[in-house]
Structure formats: C-alpha cells, structure tokens
Amino acid sequence: MKCQDYSLNRQTERENLNLNPLQRGGVLPPESRQALYEFSDGYSICDYCAGRLDQISKPSINSFLEDMASFIGADHARTVHGAREGKFAVMHALCRPGDTVLMDGNAHYTSHLAAERNGLNIVEVPSSDDPEYRIDAEGYQETLDELNDMGEDVSLVLLTHVDGDYGNVTDARAIGKIAHDSGIPFLLNCAYSMGRMPIDAEKWNVDFVVGSGHKSMAASGPIGILGVQEEWADMVLKRSNRHQVKELEMMGCSSRGAPIATLMASLPHIIDRVNQWDVEVEKTRYFVSEMEKISGVRQIGVRPTEHDLIRFETPFFHSIAGKHPRKGFYLYEELKKRNIVGIKRGQTQWFKCSTYGYSQEQVHYIANSFGEIAAKYREMAD
Ligand SMILES: *Cc1c(COP(=O)(O)O)cnc(C)c1O
C-alpha cells in the first residue's frame, strides 16, 4: 500500500505570529526541542525503569515529580495524558456511578466528559450574565445549600481555575474554603493556569489539581499533571492487586517518552515565566486597551482582564464582512498579509486570542495591524 501525501509541516504557524490561545503556552524553549529529539523513540524513557514510571531515576523523573509537586503546592504529583485524564482519574477513584459532582457553568467540555464517562450527575453553578460571565464563591455556597436542602450529597466540587471562553480567573481559595467547610473534596482544573501563573494547592484548600502540559507548560504533550494531597493518596494512587507496584488509576504508566521529556526540560523555564506573570497580564491589558480603540471592539469577561486569553466582541469587523467581496474571510486574509495567524478563518463577530509570550513590540505590532485593517475598510462598516 502506498500512503497519500500527509504534508506534515507547520511553516505557516512557525513563520507568523500565532494568536491562538490554545497554543501560546505550549511553545517549547530550545532545551525542550533538544529533549524532544533525544527522546523521539518509542518507550525511550523506559531504559532504566524498575516498574514504575514515577520512580525512574535516569532521567530523574522521580526528582522532577517532587519538584513539580512543590511547585504547585501538592504532596504528590503524577504525569497523566492531559488535564482531562487527571480529572477522570480523580472522579473514578472517588465517586461511584450516580454520584453528584458540582462544577462551574464555565467548565470545560472535558470536565463534563470525565463526569459522564464515570456515570456521574453534573450540577452546575451558573455564571453571572453577559458580559462578565463571572463565577463566584457565593454561587457555589448557594448551590451547595440548595442541594443540601434537597438532601442531595455532593461527592466532588470542581472549579475551572481559568476558563477557556473568557479567561476569567476565579477565586479558587474562597471556593476551596467552601468545599472544605462542607467536607467535600475539591478539584481545581488549572489547564489554563498551571505553568502560566502561580498555583498553590495547599494554601487554596485544593485536594486535587490538574494541569495541561501542552496547553500551558511548554511541553509537546499530550501530557498533564495531577497533584494529589496526602490525605487522598491512598485512594487516587491505589495500587493494583495483581501487579503490586503498578498504580491503578495511572494504568501502570501514563505519559512516557517525548511528552514527559519535553515537560521535564521545560520546568526551569516554566518556573521563570510564572514569576513574570504580572508582566504578561500588563501586556495583555495594554493589548486590550489598544484593541478597544477600534470602534465597537469590546473585551468580554471580567475587566480588567487577569489572564492572557481574551475574548473580543467585534461587531465592527463583522459589519465589514457583509459587504466585503471576500466575506468573513477578509479579516483572516488581511491578518495573514501582516504575518498574523490564529484567528479562525471566516470569524468576524467575535474571537478569542492571546499574545502570551510575545514582546511588547510584537504586541504593539499586532494591535496596530488590527487598527490598520479597521481603517482600511472603515467605509464598508455600518
Ligand atoms: C484545554 C483545556 C482542557 C483540556 O486539557 P487537556 O490537557 O488537553 O486535557 C481542560 N480544561 C480547560 C479549562 C482547558 O482550557
């Protein structure tokens, strides 16, 4: 059999400024590209394994996991295949089919799927209305009280630390306290925060924390981090009866080879950049203020933003699409001419973007480019 042409290149993405928020935090530093090469081969991490991935000392996965645990304020850390597998593992270890899990109305679809695959009942804490979509501690308290009045037990409280729609940063500590005071374990989904901003599971009353290597931790992935506090270690890191060294929820071993090698190589880089988080937020606020100089452009979500993921409402760009010969594609094409990609083709009514990791000059150039496009087509707008 002869294969078709798969054309595996990313020249466009490499040579342009990519604003896709999904990808900004997963860019590898040079040392991790080297690690990727070194560990390209299948099972290459297993040369010195005595039966447990997390205990391998060459390369020092054991030390790496200790460092990772202290970096996020957890007693134990494991690698999993992604944030979703971390959530699934926690729910699977803690809950029984029919149990209820409480989560925010901005929860990621993978939180829903993890619960559904475990046969759990989902109750949502609604967000506030447009344009903020805020999730607050009072909402959690109210929903828990209502469930309590109805005599319904909650097995797990889940919070999306930073959601992927608005980039709202929630008050994990306050919601952790509510869960803690109600005696319910608390799972914090840090897919958009761990590796970007500081996380302190211990201080925030977090029992379980998950992160995403390919989303926010400069790793190739697929890989995630699962942090577990000591109190729950017996349950979540339970061993197999039949294969006594193997951890059941990890299916023996989780992410191995290139995904973990790149995450390990990136840890020093991640520690550094988390310390620079304030600078990223400032840059993003500057970007928002420049973008909002364009007529009708408005940042949706909590303001001023506390995260680099930004959702803009852009009715001005949308009204141009109605008259432009290229319809909604003009925006993508005009941006591309200016070496900017990552806004979905054809999308003009609203879009999400991020300038995480770009220099002040690059951010200025990006905002300026949007301004230029707006000025160019001013006549066409309603
Ligand atoms: C991207 C994302 C996920 C999924 O992360 P994976 O590591 O790919 O499983 C989960 N939750 C949120 C909030 C996300 O933004």
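Right above here is the structure, for reference.
For the structure given in this document, a descriptive report is provided here.

Let's shift gears to the sheet that holds strand β3 (residues 100-104). Strands sit in the order β2-β8-β7-β6-β5-β3-β4 across an open sheet of seven strands; the sheet is mixed. Strands at the two margins of the open sheet, each flanked by one partner only, are β2 (76-80) and β4 (121-125). For this sheet the average axis-to-axis angle between neighbouring strands, irrespective of direction, equals 20°. Along the sheet face, helix α4 (residues 61-72) touches β2, β7 (208-212) and β8 (224-228) and points at about 110° away from the line of β2.

Another point: helix α7 (residues 137-149). The end-to-end C-alpha distance of α7, which contains 13 residues, comes to 18 Å, matching closely the 18 Å that a straight helix rising 1.5 Å per residue would cover. Those residues of α7 not exposed but buried are A137, G139, Y140, T143, L144 and L147. Along the long axis of α7, the arc covered by the buried residues comes to 160°, so they all point the same way. Residues E138, E142 and D149 are exposed on α7 and point more than 90 degrees away from its buried face. Tucked inside the fold, the buried residues of α7 contact β3, β4, β5 (156-160) and α8 (172-181). Remark: G151 follows α7 within two positions and exhibits a positive phi of approximately 75°.

As a further point, take helix α6 (residues 109-117). Those residues of α6 not exposed but buried are T110, S111, A114 and A115. Down the axis of α6, the sector holding all buried residues measures 140°, keeping them to one side. Those residues of α6 that are exposed and aimed more than 90 degrees away from the buried face are E116 and R117. Looking at the buried residues of α6, the elements they touch are α5 (83-94), β3, β4, β5 and β6 (186-189). Just downstream of α6, G119 is the residue with a positive phi angle, here 70°.

Right, let's get into the packing of aromatic side chains. Each aromatic ring pair is characterised by the separation of its centres together with the angle its planes make. Enumeration over the complete set of coordinates arrives at nine aromatic pairs. Here W277 and Y356 contribute two aromatic rings whose centre-to-centre distance is 6.3 Å and whose plane-to-plane angle is 45°, an arrangement assigned as tilted. Within this pair, whereas W277 is found in helix α12 (residues 277-291), its partner Y356 is found in the loop between β12 (350-353) and α15 (360-376), the two being separated by 79 residues in sequence. Y356 shares its class with W277; the two are buried. Arranged with centres 6.2 Å apart and planes meeting at 65°, the rings of F317 and F370 form a pair that is edge-to-face. Highlighted residues: F317 in helix α13 (residues 315-321) and F370 in helix α15, separated in sequence by 53 residues.

Here we take up the site of the ligand. Near the ligand there are 14 residues, and of these A83, R84, N189, S212 and K215 occur at the shortest range. Between an oxygen atom of the ligand and a side-chain N or O atom of S212, the distance comes to 2.7 Å. Burial of the ligand by the protein amounts to 94% of the accessible area it has alone, namely 390 Å². Of all the secondary-structure elements, those providing two or more residues to the shell around the ligand are α5 and α9 (213-216). With three residues, α5 is the single largest residue contributor to the shell around the ligand. Along the lines of polarity and charge, the residues of the shell around the ligand split into four nonpolar, seven polar and three charged.

Taken together, the side chains of D136, E138, E142, D145, E146, D149 and D171 make up a negatively charged region of the molecular surface. Relative to the assigned elements, E142 resides in helix α7.

What follows deals with the pattern of salt bridges. Between side chains of opposite charge, a pair can form when the charged atoms approach closely. The tally for this structure, following the rule as stated, stands at 18 salt bridges. For the salt bridge of K177 with D181, the shortest nitrogen-to-oxygen distance reads 2.7 Å. Highlighted residues: K177 and D181, both in helix α8, separated by four residues, approximately one helical turn. Note on K177: relative accessible area 46%, which makes it partly exposed. Accessibility expressed as a relative area gives 54% for D181, which makes it exposed. Between R338 and E334 there is a salt bridge, with the nearest N and O atoms lying 2.8 Å from each other. On the accessibility criterion, R338 (14% relative accessible area) is buried. Among the ionic contacts, a cluster of salt bridges with common partners joins E334, K337, R338, E372 and K376.

About the cut-offs
- Residues numbered from 1 in each chain as written.
- Predicted model: local features only at pLDDT ≥ 70, side-chain atom pairs only at ≥ 80, totals over all residues.
- Heavy atoms only, no water.
- Pairing = 2+ DSSP bridges.
- Helix = DSSP H or I, 4+ residues; strand = E, 2+ residues; numbered from the N terminus.
- Axes fitted to C-alpha atoms, helices over the stretch in contact; angles between N-to-C directions.
- Contact = heavy atoms within 4.5 Å.
- Expected span 1.5 Å × (residues − 1).
- Buried < 20%, exposed > 50% of the residue type's maximum accessible area, 1.4 Å probe, protein only.
- Arc of directions from axis to C-beta.
- Phe/Tyr/Trp six-rings, centres within 6.5 Å; stacked < 30°, edge-to-face > 60°.
- Near = heavy atom within 4 Å.
- Polar contact = N/O pair within 3.5 Å; in protein donor to acceptor, adjacent residues only side chain to side chain.
- Areas by Shrake-Rupley, 256 points an atom, 1.4 Å probe, with all protein chains shown as cover.
- Nonpolar A, V, L, I, M, F, W, Y, C, P; charged D, E, K, R; others polar.
- Patch = residues over 30% accessible without salt bridge, like charges linked within 9 Å, V, L, I, M, F, W, Y side chains within 5 Å.
- Salt bridge = Lys/Arg side-chain N within 4 Å of Asp/Glu carboxyl O.
- Lys, Arg positive; Asp, Glu negative; His and termini not counted.
- Charge placed at Lys NZ, Arg CZ, Asp CG, Glu CD.

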